[in-house]
Amino acid sequence: MELDVSIARKALRTASGQTRSILHDVDFSLRRGEVCALLGPSGCGKTTLLRIVSGLDADFEGRLVLPREHKIGMVFQEPRLLPWRSVAQNLRLVGTSSDNDLAEIVAALRLSRHLDHFPGELSLGLARRVAIARAFAVKPDLLLLDEPFVSLDAALAARLREELLALVLKRKATTLIVTHDVEEAIAIADRILVLSAAPGRLIADRTIEAPRGALTEARIAKLKDAILSDIANASS
Amino acid sequence: MSKLTIKAVSVWRPGKTKAFLLRLLPLILLLLVWQVGSRVSSTGTLPSPLAVLSVITTEAWSGALFLNLAVTLARVAVAFALAMALGTVLGVAMGRNKTIDRLCDPLLIVLLNLPALVVIVLAYIWVGLNEAAAIGAVVLNKLPNTAVTLREGTRALDKNLDEMARVFDLTFGKKLRHVVLPQLVPYLAAAMRSGLSLVWKIVLIVELLGRSNGVGFEIGIAFQLFDVTRLLAYALPFVGLMLAIETFILQPFERHISRWRPPHGA
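Residues numbered from 1 in each chain as written. Chains lettered and ligands numbered in written order. Predicted model: local features only at pLDDT ≥ 70, side-chain atom pairs only at ≥ 80, totals over all residues. Heavy atoms only, no water.

Student: Tell me about the environment of I105 of chain A, and name the residues and values.
Tutor: Residue and element names in this part refer to chain A. Here I105 lies in helix 3 (residues 99-108). With a relative accessible area of 1%, I105 lands in the buried category. Sequence separation of I105 and R171 is 66 residues, and the distance between their C-alpha atoms is 10 Å. (Helix = DSSP H or I, 4+ residues; strand = E, 2+ residues; numbered from the N terminus. Buried < 20%, exposed > 50% of the residue type's maximum accessible area, 1.4 Å probe, protein only.)

Student: Break down the sheet that holds strand 2 (residues 19-30) of chain A for me, with residues and values.
Tutor: Residue and element names in this part refer to chain A. Strand order in this open sheet of three strands is 2-1-4, and the pairing throughout is antiparallel. At either margin of the open sheet sits one strand with a lone partner, and together these are strand 2 and strand 4 (61-65). For this sheet, the mean angle separating the axes of adjacent strands, direction not counted, is 20°. Pairing of strand 1 (residues 3-13) with strand 4, which is carried by five bridges, proceeds in the antiparallel orientation. By the bridge assignment, D4 is partnered in strand 4 with V65. Running over the sheet, helix 1 (residues 46-54) touches strand 1, strand 2 and strand 4 and is turned about 125° from strand 1. (Pairing = 2+ DSSP bridges. Axes fitted to C-alpha atoms, helices over the stretch in contact; angles between N-to-C directions. Contact = heavy atoms within 4.5 Å.)

Student: Any chance you could break down unusual backbone geometry for me, citing the residues and the numbers?
Tutor: Residues and elements named next belong to chain A. One non-glycine residue, S151, lies in positive phi territory at about 55°. In this fold, S151 is placed in the loop between strand 6 (142-146) and helix 5 (154-171). One non-glycine residue, K172, lies in the positive phi region at around 55°. Mapping K172 onto the fold places it in the loop between helix 5 and strand 7 (174-179).

Student: If you had to explain the interface of chain A and chain B to someone new, which residues and values would you point to?
Tutor: Every contact between the two is made by 22 residues of chain A and, on the other side, 15 residues of chain B. With both sides pooled, the region where chain A packs onto chain B buries about 1800 Å², and carbon together with sulfur makes up 67% of that total. Between chain A and chain B we count two salt bridges in total. Linking R80 of chain A and E163 of chain B is a salt bridge whose minimum nitrogen-to-oxygen distance equals 2.8 Å. Taken together, the connections running from chain A to chain B amount to nine residue pairs in polar contact (both at pLDDT 80 or more). Elements that contribute at least two residues to the side of chain A that touches chain B include exactly helix 1, strand 5 (72-75), helix 2 (87-94) and helix 4 (124-137) of chain A. Here the residues of the side of chain A that touches chain B sort into 13 nonpolar, three polar and six charged. (Buried area = accessible area lost by both parts, 1.4 Å probe. Salt bridge = Lys/Arg side-chain N within 4 Å of Asp/Glu carboxyl O. Polar contact = N/O pair within 3.5 Å; in protein donor to acceptor, adjacent residues only side chain to side chain. Nonpolar A, V, L, I, M, F, W, Y, C, P; charged D, E, K, R; others polar.)

Student: Outline the pattern of salt bridges, supporting the account with residue identities and numerical values.
Tutor: One pass over the full model with this rule turns up 27 salt bridges over all chains. Where K170 of chain A meets E104 of chain A, a salt bridge forms, and the shortest distance between an N and an O atom there is 2.7 Å. Pair noted here: K170 of chain A is in helix 5 and E104 of chain A is in helix 3, with a separation of 66 residues, a long-range link. We classify E104 of chain A as partly exposed; its relative accessible area is 34%. Connected through shared salt-bridge partners, D101, D105, R151, E152 and R155 of chain B make up one network.

This is the structure in structure tokens:
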């Protein structure tokens, strides 16, 4: 799905009644099937940007252009599952997917043994997997992920990242993934948008040309340096 | 031999039996005190348990007891259902919408503080001595309580889940059934539990004041005749019936709808 984002300004009202700018002049478009990481320090407005794209937050100056018919699959930072419904029911509730399709998603995320469990019985890692499965169950044109690997241990995060990437590539959803981890962004995305510290401005837009998996260690290190210097330049 | 004993004990579940006997104990004591009291008291003011039982049997035999119980139960059921339904709709609307809340809140406070008796008498005077006035008066007494409870529940709805439902574009029906209602269940259960006991107590007063049948009416007759035996013969089976509904219908229903919660301390 194609997506056009043009945010002139997004402000939040603080408790003391003042307004504080958190996004400033953020313009970008995504091509169909693009996997784009949104990288930036904590509190720079990444989550806010994701909420604007999802349609949850319409209170901003600017415009958002989406195709008339589109399905959004979203993974929030917290799993946000229905605790009173089993894993299978949580997936079926939002899903327009056929049983076969759902079974494939469930298998890809290794959830088959947990379908009858309630969310309260799952670890955070498993609950995340269910949330990711749910996002795919709607057959999304646009997939929005907010720090899907945060507070998982490194091995678990790496494994989940690979499973997620495999699903994204197979289902060709246009993907916007929020992260504060440079290496994670390089591992998963074919384009990286870098936001400055608050108020978030777009300070770099880097496309990773090499096909996934073909990146050498040296190339990854170079990319990482380049992005880190983007951030350093912006803040000086 | 010893094996057999262990088996017998494990089937018998001594813990549960003990708990049951402990709950029964105060009731048995009460019966004893009643029996002793009936011996000591002057004739008529406190009949013995057996005398009451004999009147219950006579009334049951003639069918009058069941007829009156059924009539009262029907009034309780209709008033309870109406008060729950209207109170839920009002409470949810007030929890969701500030304007509705501001408009209705003063009325709720007035209703909450208006004595049941005033509502009942006014309903009979304004609407007439009929069934609609009787049921309406009971509903008006219970409705504010339900509305206030459900307003709390609606205010406590999880915003995160609401957003999830919006992003995933759930239909209104799906959202209501899977996202909203399960969160309101504890509040509905609380309103139902306090509701049933409140409603049946008020139904008796309504019957006493302006109906010509039902348990409340019979108690009114017994009062005019100073017939304590008859009074107890109607009151006790009705209290028993309400306790049975609470224990065998409401409580299992509540357990059924909250079965997803992991048991505490498990």
